[in-house]
Amino acid sequence: MFIYMSSENKLKRNCKKSEVIMGPFIRTKNDTDKIFKTLFIALIPIIIFSFYKNGIIPFVNNKTSTIGLFYPLIFIFIGGLSSYLIERIYCKILKKQSYGSIFPGIFISLVLPINTPIEILIFACFIGIIVGKMLYGGFGNNVFNPALIGCLFVLTAYSSIIVNNGGYLNSYELDAIARPTPLSNSVEGIRTYNTLVKPYGNLFDFFIGLIPGSVGETSSLLCLIGLIYLGIKKVIKIEIPIFYITTVFILTYIIGLSNGLGLWYPLFQIFSGGLMFGAVFMATDPVTSPVTKLGSILYGICLGILTVICRYLTSYPEGVLTSILIMNMLVFILDKIGTRDKNYKKKILISISTVLIIAISIIFKINNSFTSIDNDFN
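In this text, all values refer to a predicted model and were calculated from it rather than measured experimentally.

Asks: Sorry, what's going on with the overall build of the protein here?
Replies: For the protein, the count of helices and strands is 19 helices and 0 strands. A buried classification covers 53% of the 378 residues belonging to the protein. Excluding contacts between residues fewer than 6 apart, the proportion of contacts in the protein whose partners are at least 24 apart in sequence is 72%. When the accessible surface of the protein is split by element, carbon and sulfur atoms take 66% of a total near 17,200 Å².

Asks: Sorry if this is basic, but what is going on with the nonpolar core here?
Replies: When a protein is soluble and globular, its nonpolar side chains tend to lie buried together. Ranked by size, the top nonpolar core spans 96 residues in total, and within it L43, F107, W264, F277, F281 and Y299 carry the most contacts. Element by element, the count of residues in this core is highest for helix α16 (residues 293-313), at 10 residues. Those residues in contact with L43 that lie beyond four places of it in its chain are F103, I106, F107, L110, F277 and F281.

Asks: Could you clarify how one ought to interpret the layout of surface pockets in this entry?
Replies: Gaps left between atoms are located by rolling a probe of water-molecule size over the structure's atoms. Here the largest pocket is characterised by a volume of approximately 1,000 Å³. Lining the largest pocket we find 39 residues, and of these L155, Y168, Y316, P317 and E318 sit closest to its centre. Sorting the residues of the lining of the largest pocket by element identifies α6 (146-157), α7 (159-164), α9 (182-186), α15 (275-282) and α17 (320-328) as the ones contributing at least two each. Looking at the lining of the largest pocket residue by residue, the class counts come to 21 nonpolar, 15 polar and 3 charged.

Asks: Honestly, the pattern of salt bridges in this entry has me stumped. Any pointers?
Replies: When the charged atoms of two side chains with opposite charge come close together, those side chains can pair. Under the defined criterion, the tally for this structure stands at 5 salt bridges. Here E173 ties to K53 by a salt bridge, and the two come within 3.0 Å at their closest N and O atoms. Residue E173 is located in helix α8 (residues 171-176), and its partner K53 is located in helix α2 (residues 29-60); the two are separated by 120 residues in the primary sequence. Given a relative accessible area of 3%, K53 falls into the buried group. Residue K347 pairs with D341 through a salt bridge whose shortest N-O separation is 3.2 Å.

Asks: Just checking my understanding: could you explain helix α12 (residues 220-232) for this structure?
Replies: If you check α12, its first and last C-alpha atoms are 18 Å apart, about what 13 residues at 1.5 Å a residue would give, namely 18 Å. Considered for burial, the residues of α12 that qualify are S220, L222, C223, G226, L227 and L230. For α12, the buried positions fall inside an angular range of 155° around the axis, keeping them on one side.

Asks: Explain a nonpolar patch on the surface here, please?
Replies: Together, F77, L81, L85, I89, I93 and L94 make up a nonpolar patch on the protein surface, roughly 590 Å² of accessible area in all. One can find L85 in helix α3 (residues 66-94).

Asks: Can you walk me through helix α4 (residues 103-111) in this structure?
Replies: Each α-helix turn comprises 3.6 residues. Residues three or four places apart therefore point the same way. With 9 of its 9 residues buried, α4 lies for the most part within the structure. Listed in full, the buried residues belonging to α4 are F103, P104, G105, I106, F107, I108, S109, L110 and V111.

Asks: What am I meant to see in the packing of α3 against helix α5 (residues 118-131) here?
Replies: For any two helices packed against each other, the geometry comes down to the angle between their axes and how far apart the axes lie. Running from N to C, α3 and α5 cross one another at 40°; their axes reach a closest spacing of 9 Å. Remark: the crossing between α3 and α5 carries right-handed chirality. Contacts from Y71, F75, I78, G79, S82, S83, I86, E87 and Y90 in α3 reach I118, L121, I122, C125, F126, I129 and I130 in α5. Partitioning the contact of α3 with α5 into residue classes produces 12 nonpolar, 3 polar and 1 charged.

Asks: Help me understand the packing of aromatic side chains, please; the structure alone is not making it clear to me.
Replies: Within this structure, the stated rule accounts for 18 aromatic pairs. For the ring pair Y136 and F144, a centre distance of 6.3 Å and an interplane angle of 65° mean the geometry is edge-to-face. Judged by its relative accessible area of 17%, F144 falls in the buried class.

Asks: Looking at this structure, how should I read the environment of I348?
Replies: When you line up the elements, I348 lands in helix α19 (residues 344-369). A residue is classified by how much of its surface remains accessible, and I348, at 26% relative accessible area, is partly exposed. Through-space distance from the C-alpha of I348 to that of L294 is 8.0 Å; in sequence the pair is 54 residues apart.

Asks: It is not clear to me how the confidence of the model for the protein should be interpreted in this structure. Could you clarify?
Replies: Parts of the prediction with low pLDDT should not have their coordinates interpreted in detail. In this model, the protein carries a mean pLDDT of 86, and residues with pLDDT of at least 70 account for 88%. Low pLDDT, under 50, characterises residues 372-378; the predicted model gives this stretch 20 contacts beyond four residues in sequence or across chains.

Asks: Honestly, the environment of Y99 in this entry has me stumped. Any pointers?
Replies: Following the sequence through the fold, Y99 ends up in the loop between α3 and α4. With 40 residues separating them in the primary sequence, Y99 and F139 have C-alpha atoms 7.6 Å apart.

Asks: How should the side chain of N115 be read in this particular structure?
Replies: Locating N115 in the fold gives a position in the loop between α4 and α5. Residue classification places N115 among the buried residues on the basis of a relative accessible area of 16%. Within the structure, N115 has its side chain in polar contact with the backbone oxygen of G166 (distance 3.3 Å). Within the structure, N115 has its side chain in polar contact with the backbone oxygen of G167 (distance 2.9 Å).

Conventions adopted
- Residues numbered from 1 in each chain as written.
- Predicted model: local features only at pLDDT ≥ 70, side-chain atom pairs only at ≥ 80, totals over all residues.
- Heavy atoms only, no water.
- Helix = DSSP H or I, 4+ residues; strand = E, 2+ residues; numbered from the N terminus.
- Buried < 20%, exposed > 50% of the residue type's maximum accessible area, 1.4 Å probe, protein only.
- Contact = heavy atoms within 4.5 Å.
- Areas by Shrake-Rupley, 256 points an atom, 1.4 Å probe, with all protein chains shown as cover.
- Core = buried A, V, L, I, M, F, W, Y, C linked by side-chain atoms within 4.5 Å.
- 1 Å grid on protein atoms, 1.4 Å probe; cavity = no way out; pocket = protein on both sides within 12 Å on 5 of 7 lines; lining within 4 Å.
- Points joined across faces, edges and corners; volume = space filled by probe spheres on them.
- Nonpolar A, V, L, I, M, F, W, Y, C, P; charged D, E, K, R; others polar.
- Salt bridge = Lys/Arg side-chain N within 4 Å of Asp/Glu carboxyl O.
- Expected span 1.5 Å × (residues − 1).
- Arc of directions from axis to C-beta.
- Patch = residues over 30% accessible without salt bridge, like charges linked within 9 Å, V, L, I, M, F, W, Y side chains within 5 Å.
- Axes fitted to C-alpha atoms, helices over the stretch in contact; angles between N-to-C directions.
- Left-handed = near helix turned anticlockwise from the far one by under 90°.
- Phe/Tyr/Trp six-rings, centres within 6.5 Å; stacked < 30°, edge-to-face > 60°.
- pLDDT = per-residue confidence, 0-100.
- Polar contact = N/O pair within 3.5 Å; in protein donor to acceptor, adjacent residues only side chain to side chain.

Laid out in structure tokens, this is it:
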């Protein structure tokens, strides 16, 4: 799923500024394997935390069996194995070369709710691999993030089954909290600390990840550690998550401030749902994200704007998955904007002006429909 644009920096050093650098660039398989190993290392803490939150905590509190204890690991393993086998079988039948990546399936299992039936998880992997990847030509040719294609399909087609099965709440949360996810509460229109944060503890619980959510998306702390690690290893373009998260923070801070809400409000927005996980691990997929630096910055900003639009102006409380898939379609435009040519400075000015106009319009629109009653931060 992840292919690093290895040759880009070398070519930039050897080319004149006026030349247009086309991509994506693909490493040899040995280098790609190193990238995969680095990515998997970054995911290990998140997988372990998921095991702790969705397996150990319910087991210690006598809310699940021994099988339930290890179910989060089984769930993730089945996702990765399904992804690998589906791609291998497909390529075997059509006599095509296959790398048989486990990562689309792992990401699908981490993004879906823990109560997703196994057969639906496998079907999500099938849709992600076949429709989201192989039909575009396979490894490195897909336009959309395969994992998100699979997740979007099953969350749309089988949402009622997943909700009736327990939704995003593990067996302990079903008894201890018995509430929807924090972002689900925010769509009701009343946005206060007492209604959005307090039922789940405090903002530190949000940051650590001890709140209801998808299998691997809840811990902002571990996503932040993953961002630092992957950035140091140069596996991802860090401009994307940095500008994505910052854009959401700034927009929601302005919205909250203009409605009498404090700093807790934008923190709630970036620590809730799949924003941190999506920004670090999903939006940075090199195959479906911009190659150029300016394109990556604009990509992150646009993702933030779209996420805020989805969270405030639609009935869907999350917005991350949809935003990334929408922006996947516009990557080629962003890369054209980001190429260095004689109009580069002009394109930067136009891009900044356009983003500011859109952001101001969105803030004005949201403020007109915003409702808050209590700003108690006790």
